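Survey of secondary and tertiary structure
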Amino acid sequence: ASIVVVLSAMGVACTADGAGSNRSGGGAAKGLTKPDQAALATPAPDSFKVAFETSKGNFTVVAHRDWAPHGVDRFYHLVQLGFFDDARFFRVLSGFMAQFGMNGDPRVSAAWERLTIPDDPVKQSNKRGMVTFAAESAPNTRSTQLFINYGDNANLDGLGFAPIGQVVDGMAVVDSLYSGYGEGAPDGSGPSQDRIAAQGNAYLTKEFPKLDYIRTA
């Protein structure tokens with residue numbers, strides 16, 4: 001692959017161990033379970049492309065640092081470390097959005113849970129194809145989860161959800177992601193974020209086998 005939440009129902013960094021230069025090696029694994037916070041503070045390029053290869057096909061995102069610098073920096077480093085590889089689209093709501101960004105390894109989820117980033121001012125609207133970090137209702141709670149807007153979700157703009165980039169190719173692939181499981185617990189019968197954090201892909205593969213996933217980004 002190349003570098004070129006959401007809200008709940010309510011609401012490479014080249015590390016010292018060399019992660020990023022060889023994501024498939026032990027360095028990348030160490031970079032995910034022991035994030036290098038100094039490396040994470042390094043600014044991303046002004047603009048870059050990320051190629052997503054998924055179980056349904058490929059799509060491309062272009063990120064723009066001037067839209068949301070804190071969010072784009074985090075996105076860049078996550079991609080460089082291979083964080084999204086084998087991650088499920090665990091919350092796909094037709095007409096609303098497709099959410100991803102929970103790693104399949106509980107050890108990785110635990111390492112990143114508290115590595116939140118400051119909020120960015122909202123400079124772009126959450127229109128179709130925009131990619132945006134998920135967040136909790138409290139300020140400065142963005143971490144690793146993102147969502148892709150299916151429709152015009154301008155109502156999210158005033159809630160502080162700042163788009164970081166846009167799908168520029170392959171939106172039909174995003175549209176085709178499996179959405180049959182609906183909303184997650186406690187609001188519905190879909191995947192529980194608490195259980196994903198605790199059990200990772202083992203839980204999702206057993207309980208929600210039809211979920212589409214990112215092969216590599």
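It should be emphasised that the depicted structure is a prediction, and the values quoted were computed from it without experimental measurement. (Residues numbered from 1 in each chain as written. Predicted model: local features only at pLDDT ≥ 70, side-chain atom pairs only at ≥ 80, totals over all residues. Heavy atoms only, no water.)

Some points on the overall build of the protein
Convention followed: The way it works is that DSSP assigns letters per residue, a run of H or I at least four long becomes a helix, a run of E at least two long becomes a strand, and they are numbered from the N terminus. Under the scheme applied here, a residue whose accessible area is under 20% of the maximum for its type counts as buried, over 50% as exposed, and between as partly exposed, the area being computed with a 1.4 Å probe on protein chains only. Accessible surface area values rest on a Shrake-Rupley calculation with a 1.4 Å probe, where residue burial reflects the displayed protein chains alone.
Broken down by element type, the protein carries seven helices and eight strands. The buried share of the protein, reckoned over its 217 residues, is 52%. Element-wise, carbon and sulfur atoms account for 49% of the exposed surface of the protein, whose accessible area totals about 9300 Å².

Re the sheet that holds strand E3 (residues 91–93)
To keep it simple, the criterion reads: By the convention used here, strands pair only if DSSP detects at least 2 bridges between them. Angles shown run from 0 to 180 degrees and are taken between the N-to-C directions of axes, each axis being a line fitted to C-alpha atoms and, for helices, limited to the stretch in contact.
Strand order in the open sheet made by the eight strands is E3-E4-E6-E5-E7-E2-E1-E8, with antiparallel pairing throughout. The open sheet has two edge strands with one neighbour each: E3 and strand E8 (214–216). Pairwise comparison of adjacent strand axes, ignoring direction, gives a mean angle of 30° for this sheet. Pairing of strand E5 (residues 130–133) with strand E6 (residues 146–149) involves three bridges; the strand directions are antiparallel.

A closer look at the nonpolar core
One broad rule of soluble globular proteins: the nonpolar side chains tend to lie buried together. Under the convention used in this document: Within this scheme, the nonpolar core is defined by two criteria: the residues are buried Ala, Val, Leu, Ile, Met, Phe, Trp, Tyr or Cys, and they are joined through side-chain atoms within 4.5 Å. By the convention used here, residues are in contact when the closest approach between their heavy atoms is within 4.5 Å.
Counting residues in hydrophobic clusters, the biggest one holds 39 residues, and the most contacted among them are Phe52, Phe59, Phe75, Phe84 and Trp112. Sorting elements by how many residues they give to this core places helix H3 (residues 69–80) first, with five residues. If near-sequence neighbours (up to four positions away) are discounted, Phe75 is found in contact with Phe48, Val50, Phe52, Val61, Ala63, Phe84, Phe133, Leu146 and Ile164. Residues Met102, Ile196, Tyr203 and Leu211 belong to the second largest nonpolar core, which totals eight residues.

What to know about the packing of aromatic side chains
Using the following cut-off: Here a pair means two rings of Phe, Tyr or Trp (six-membered ring of Trp) with centres within 6.5 Å. Their orientation is stacked below 30 degrees between planes, edge-to-face above 60, and tilted elsewhere. Only when the NZ atom of a Lys or the CZ atom of an Arg is both within 6 Å of the ring centre and within 35 degrees of the ring normal do we say a charge sits over the ring.
Summed over the entire model, instances satisfying the criterion amount to 14 aromatic pairs. On the numbers, 5.4 Å between centres and 70° between planes, the contact of Phe84 with Phe100 is edge-to-face. In this pair, Phe84 sits in the loop between H3 and E3 while Phe100 sits in strand E4 (residues 97–100), placing the two residues 16 residues apart along the sequence. Across the pair, exposure class does not vary: Phe84 and Phe100 are buried alike. Aromatic rings pair up to connect Phe48, Phe52, Phe59, Phe75, Tyr76, Phe83, Phe84, Phe89, Phe100 and Trp112 into one cluster. Over the ring of Tyr213 we find Arg88, and its NZ or CZ is 4.8 Å from the ring centre.

Some thoughts on the side chain of Thr216
Test applied: Under this definition, polar contacts are N or O atom pairs within 3.5 Å; protein pairs additionally need one hydrogen-donor-capable and one acceptor-capable atom, and for neighbouring residues in sequence, both atoms have to be side-chain atoms.
Mapping Thr216 onto the fold places it in strand E8. Using a relative accessible area of 14% as the deciding quantity, one classes Thr216 as buried. Within polar-contact distance, the side chain of Thr216 engages the side chain of Asp85 at 3.4 Å.

Function-wise, these values are silent; they only describe arrangement.
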